Amino acid sequence: MEVTTRLTWNDENHLRKLLGNVSLSLLYKSSVHGGSIEDMVQRCSHQGYTITMTYINENMIVAFVLGNYINLRESSTEPNDSLWFSLQKKNDTTEIETLFLNTAPKIIDKQLVCRLSENDIFIIRPDNKIYLDRMMIKNLKLRFYGHLQFLECEVFRVEGIKYNLDYTKRIMKAREHRNKLLADIRAYKPYADLVSEIRILLVGPVGSGKSSFFNSVKSVFHGHVTGQAIVGSDTTSITERYRIYSVKDGKNGKSLPFILCDTMGLDGAEGAGLCMDDIPYILKGCIPDRYQFNPRKPITPEHSTFITSPSLKDRIHCVAYVLDINSIDNLSSKMLAKFKQVHKEVLNCGVAHVALLTKVDDCSEILQDNFLNLSRSMTSQRQVMNVHKMLGVPISSILMVGNYASDLELDPMNDILILSALRQMLRAADDFLEDLPLEETGAIERVLQPCI
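The protein has the name Interferon-induced protein 44-like in an unreviewed UniProt entry, where Macaca mulatta is given as its organism. Under the Subcellular location (unreviewed entry) heading, UniProt states for the protein: "Cytoplasm".

Take a look at the structure:
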């Protein structure tokens, strides 16, 4: 008879997000194989990594991941870390809390007991009762205390966990840092409230990843991979209209305090790609959303949609030069000349600027353990120096990301790079706003306005 699990498809999907793209094989089910702890350990020993799932009720699961079930015998002195987590269903969402411990359960008096500093913090009893102490309840944010009857206990073999629990622990820390970055950007307000939204212009060669960067930013804030902006190939530009994209905090959330402006790709050939004479008008905020670019004919003040008197909120506050990190060495002299022409216009307008290197292969190798700085390899460091020399962009303003182009699921390491790059752009825009002359900010009018 086939033994089926209580684990739902949705629960299993959450586990994959937690542990990576793992597969689960059911080894033990208490209602089928008996409630004896010895039987459970016997069936699950020598299976590699396992997850023990305790179903408290239909909406709550408490579980732990171990490296080897054989170490659960009381006589074992082999060190054994454990990852604990809870899954709780609330309305239409599933909340996950995690906890790492430098200890693991052992069989003591026919019970599965986890001890920390000689205190029992977790017990599974043969009579289908579970106990968690206050520390475990607090960290896993559970809504019960003490002993409780559970519905079922299941153990799965886990295949596909990368490296070991240290890697999983790093993923957990990455999720925490990702959530902090999300909170920081959600709470961000432009300098001195001069504008309500920062406008960031994405400029780069055809296929460099401009539209993909917008899609990636939107994906992170929506919690799943999206593709609003149509993405072209490395040689054909899909973006032929000027697009001004706002990003909402979730599907039905409020708009976030930044706008990403996507342009036609730069092309080294004459009469192809973004027209250089359009650049000053874009920077000054004279070009409206959905304006159709013409590589051979720039917009003029006589155009029917030309914005003749743009305000500070219409202007570009930060420019991101977008470059494929794998193609920097292959930039033609004509393409480089166009980049320098764009950069000259940016400097003339005094606009903040950064360089964004896309298509990074392994985001986890780029990030240092604390996720605060980039640990650049020799290859990426050389590319950073090349961009620094080509455009004169400060090394600290050269950012790296791996856009979501062919991915089906979000990755916390990738999210950190995307959010860190976005935060750096917002900070650069703040510097631009702070440095503006008073007559360009409207501050003079506010100062001269009499108090009431």
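That was the structure; now back to the text.
When helices and strands are tallied, the protein shows 13 helices and 17 strands. Within the protein, buried positions represent 50% of all 452 residues. Taking contacts inside the protein between residues at least 6 apart in sequence as the whole, the part at least 24 apart equals 66%. Per element, the accessible surface of the protein, about 21800 Å² overall, is 47% carbon and sulfur.

In this section: the sheet that holds strand E9 (residues 129-132). Reading across the sheet, the 5 strands line up as E6-E7-E8-E9-E10 and stay open at both edges, with antiparallel pairing between neighbours. Bordering the open sheet on either side are strand E6 (106-108) and strand E10 (146-149), each of which pairs with just one other strand. Neighbouring strand axes in the sheet, compared pairwise and without regard to direction, differ in orientation by 30° on average. Sheet topology places E6 next to strand E7 (residues 111-116); 3 bridges connect them, and they run antiparallel. Bridge pairing in E7 links Ile-107 to Leu-112.

Right, let's get into the environment of Ser-397. On the secondary structure map, Ser-397 appears in the loop between helix H10 (378-391) and strand E17 (398-400). For the pair Ser-397 and Leu-356, spaced 41 residues apart in sequence, the C-alpha to C-alpha distance is 8.4 Å. When near neighbours in sequence (up to four residues on either side) are disregarded, Ser-397 contacts His-353, Val-354 and Ala-355.

Thresholds applied
- Residues numbered from 1 in each chain as written.
- Predicted model: local features only at pLDDT ≥ 70, side-chain atom pairs only at ≥ 80, totals over all residues.
- Heavy atoms only, no water.
- UniProt positions renumbered as here; feature names shortened; annotations may be inferred.
- Helix = DSSP H or I, 4+ residues; strand = E, 2+ residues; numbered from the N terminus.
- Buried < 20%, exposed > 50% of the residue type's maximum accessible area, 1.4 Å probe, protein only.
- Contact = heavy atoms within 4.5 Å.
- Areas by Shrake-Rupley, 256 points an atom, 1.4 Å probe, with all protein chains shown as cover.
- Pairing = 2+ DSSP bridges.
- Axes fitted to C-alpha atoms, helices over the stretch in contact; angles between N-to-C directions.

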